[in-house]
Amino acid sequence: MEKKERAKNNRTLTLVPEEIQSLKEKLLTKEIITSQTDFINKTLNGDILEMLKFLPDNFADLIIIDPPYNLSKNFNGFKFAQRSDDSFDEYLETWFPLVCKKLKPNGSLYMCGDWKCTSSLQRAIEKELTILNRITWQREKGRGAKSNWKNGMEDIWFAVKNPEDYYFDVEAVKMKRKVIAPYKVDGKPKDWDESEDGNFRLTYPSNFWDDISIPFWSMPENT
């Protein structure tokens, strides 16, 4: 049998016993949380409606949410049934406003969804926050569609509490682009750099993300 080659990215984490023990010490369940518990650099494991009660308001700089999409799915024994749009809106109302209370005044929130539920996500977010952008993630899923357009994208909604005061470090996320037609002034590169690997410039990132790969079902890294 041909040995599968592990992907360079999205590799499954392999832990040694010492690492497992140190991570266990950072795992919090509702049974061990007290009024003196420090939540920084900890993992809270439990039902979101229960665990949110323990977190202080205005706590998080960044919240990333990948909720169950409005599909019939079995998440390792936890079944989620597809609902009507109105019912899914009501489901979001049971927990999303509570999550937003935990966001700092200058914090940011990103929320993922597919085309079937994205309108519900937009409605829920707009009630609590200010949406600054809808990011399109080109997400190659590896499956064909014979009677429809193949679904190769998902939405990521970017929202903040205060559109006049929020943290966004654009320098940290600039993208390296190859310069096809280098322009020079007085013989020197203008707004681009020369290197052994070629000519490139750092550009501002857009709301179309096509550089994030995912593990396919055939990969051993898939979880």
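Everything below is about the structure printed above this text.
All of these numbers come straight from a predicted model, not from anything done at the bench.

Trainee: Quick question: what am I supposed to make of the overall build of the protein chain here?
Mentor: Secondary structure summary: the protein chain contains five helices and 14 strands in total. Going through the 223 residues of the protein chain one by one, you find that 25% of them count as buried. Contacts in the protein chain between residues far apart in sequence, at least 24 positions, make up 60% of those at least 6 positions apart. In the form shown here, the protein chain has an accessible surface area of approximately 16,500 Å², with 51% of it arising from carbon and sulfur atoms.

Trainee: Would you explain the state of the cysteines in this entry?
Mentor: Enumeration over the complete set of coordinates arrives at zero disulfides. Lacking any disulfide linkage, C117 is separated from the closest cysteine sulfur, that of C112, by 9.8 Å.

Trainee: It is not clear to me how the packing of aromatic side chains should be interpreted in this structure. Could you clarify?
Mentor: Geometry of an aromatic ring pair is reported as the spacing of the ring centres plus the angle between the planes. This model, assessed by the stated rule, comprises eight aromatic pairs. Arranged with centres 6.1 Å apart and planes meeting at 65 degrees, the rings of Y91 and W95 form a pair that is edge-to-face. With a relative accessible area of 5%, W95 lands in the buried category. Each member of the aromatic cluster is reached from another via a ring pair, and the members are F80, F88, Y91, W95 and F96.

Trainee: Hey, could you run me through the side chain of K102 in this one?
Mentor: Locating K102 in the fold gives a position in the loop between α4 (96–100) and β6 (103–113). Sequence-distant contacts of K102, that is, excluding residues within four places in its chain, are made with L52, L55, P56, D57, N58, F59 and A60.

Trainee: What's the story with the sheet that holds β6 in this structure? I'm lost.
Mentor: Each strand in a sheet pairs with another by means of backbone hydrogen bonds, the pair being arranged parallel or else antiparallel. Reading across the sheet, the five strands line up as β3-β6-β8-β7-β14 and stay open at both edges, with mixed pairing between neighbours. Looking at strand neighbours, the two that pair on one side only are β3 (60–65) and β14 (208–209), the edges of this open sheet. Inspection of the sheet shows β3 paired to β6 by five bridges, in the parallel sense. When the bridges of β6 are listed, I63 appears paired with L109. Against the sheet, helix α5 (residues 118–128) contacts β6, β7 (130–138) and β8 (153–160), and its axis sits at roughly 5 degrees relative to β8.

Trainee: Which parts of the structure should I look at to understand a nonpolar patch on the surface?
Mentor: Nonpolar side chains collect at one region of the surface, where L15, I20 and L23 lie side by side and expose about 240 Å² of accessible area between them. Checked against the element boundaries, L15 lands in the segment before α1 (17–24). Judged by relative accessible area, L15 falls into the partly exposed class, the value being 40%.

Trainee: I tried to follow unusual backbone geometry on my own but got confused; where do I start?
Mentor: A negative phi angle is the norm for most residues apart from glycine, just as the trans form is the norm for most peptide bonds. Positive phi, normally seen in glycine, also occurs at N41, with a value near 60 degrees. Turning to its location among the elements, N41 is positioned in the loop between β1 (27–28) and β2 (43–44). Positive phi values are uncommon outside glycine, yet N58 reaches one of about 55 degrees. Mapped onto the secondary structure, N58 falls in the loop between α2 (48–51) and β3. Exposure remark for N58: the relative accessible area of 41% places this residue in the partly exposed category.

Trainee: Help me out: how do you make sense of the environment of I212 in this one?
Mentor: Turning to its location among the elements, I212 is positioned in the segment after β14. Once the C-alpha coordinates of I212 and Q138 are considered, the two residues, 74 residues apart in sequence, prove to be 8.1 Å apart.

Trainee: Looking at this structure, how should I read the nonpolar core?
Mentor: One broad rule of soluble globular proteins: the nonpolar side chains tend to lie buried together. In this structure, I65, L92, W95, F96, L109, M111 and L129 are the most contacted members of the largest nonpolar core, which totals 30 residues. Of all the secondary structure elements, the ones that give two or more residues to this core are β3, α3 (85–93), α4, β6, α5, β7 and β8. When neighbours within four sequence positions are excluded, W95 is seen to be in contact with I48, L49, L52, I65, P67 and M111.

Trainee: Where do I start with the pattern of salt bridges in this structure?
Mentor: As a working rule, side chains carrying opposite charge can pair if their charged atoms are close by. A full pass over the atoms with the stated rule returns nine salt bridges. Residues K102 and D57 are paired through a salt bridge, measuring 2.9 Å at the closest nitrogen-oxygen approach. Here D57 lies in the loop between α2 and β3 and K102 lies in the loop between α4 and β6, a separation of 45 residues in the sequence. Through salt bridges with shared partners, one network takes in K30, E50 and K53.

Conventions we followed
- Residues numbered from 1 in each chain as written.
- Predicted model: local features only at pLDDT ≥ 70, side-chain atom pairs only at ≥ 80, totals over all residues.
- Heavy atoms only, no water.
- Helix = DSSP H or I, 4+ residues; strand = E, 2+ residues; numbered from the N terminus.
- Buried < 20%, exposed > 50% of the residue type's maximum accessible area, 1.4 Å probe, protein only.
- Contact = heavy atoms within 4.5 Å.
- Areas by Shrake-Rupley, 256 points an atom, 1.4 Å probe, with all protein chains shown as cover.
- Disulfide = S-S within 2.5 Å.
- Phe/Tyr/Trp six-rings, centres within 6.5 Å; stacked < 30°, edge-to-face > 60°.
- Pairing = 2+ DSSP bridges.
- Axes fitted to C-alpha atoms, helices over the stretch in contact; angles between N-to-C directions.
- Patch = residues over 30% accessible without salt bridge, like charges linked within 9 Å, V, L, I, M, F, W, Y side chains within 5 Å.
- Salt bridge = Lys/Arg side-chain N within 4 Å of Asp/Glu carboxyl O.
- Core = buried A, V, L, I, M, F, W, Y, C linked by side-chain atoms within 4.5 Å.

No statement about biological role is implied by the geometric values presented.
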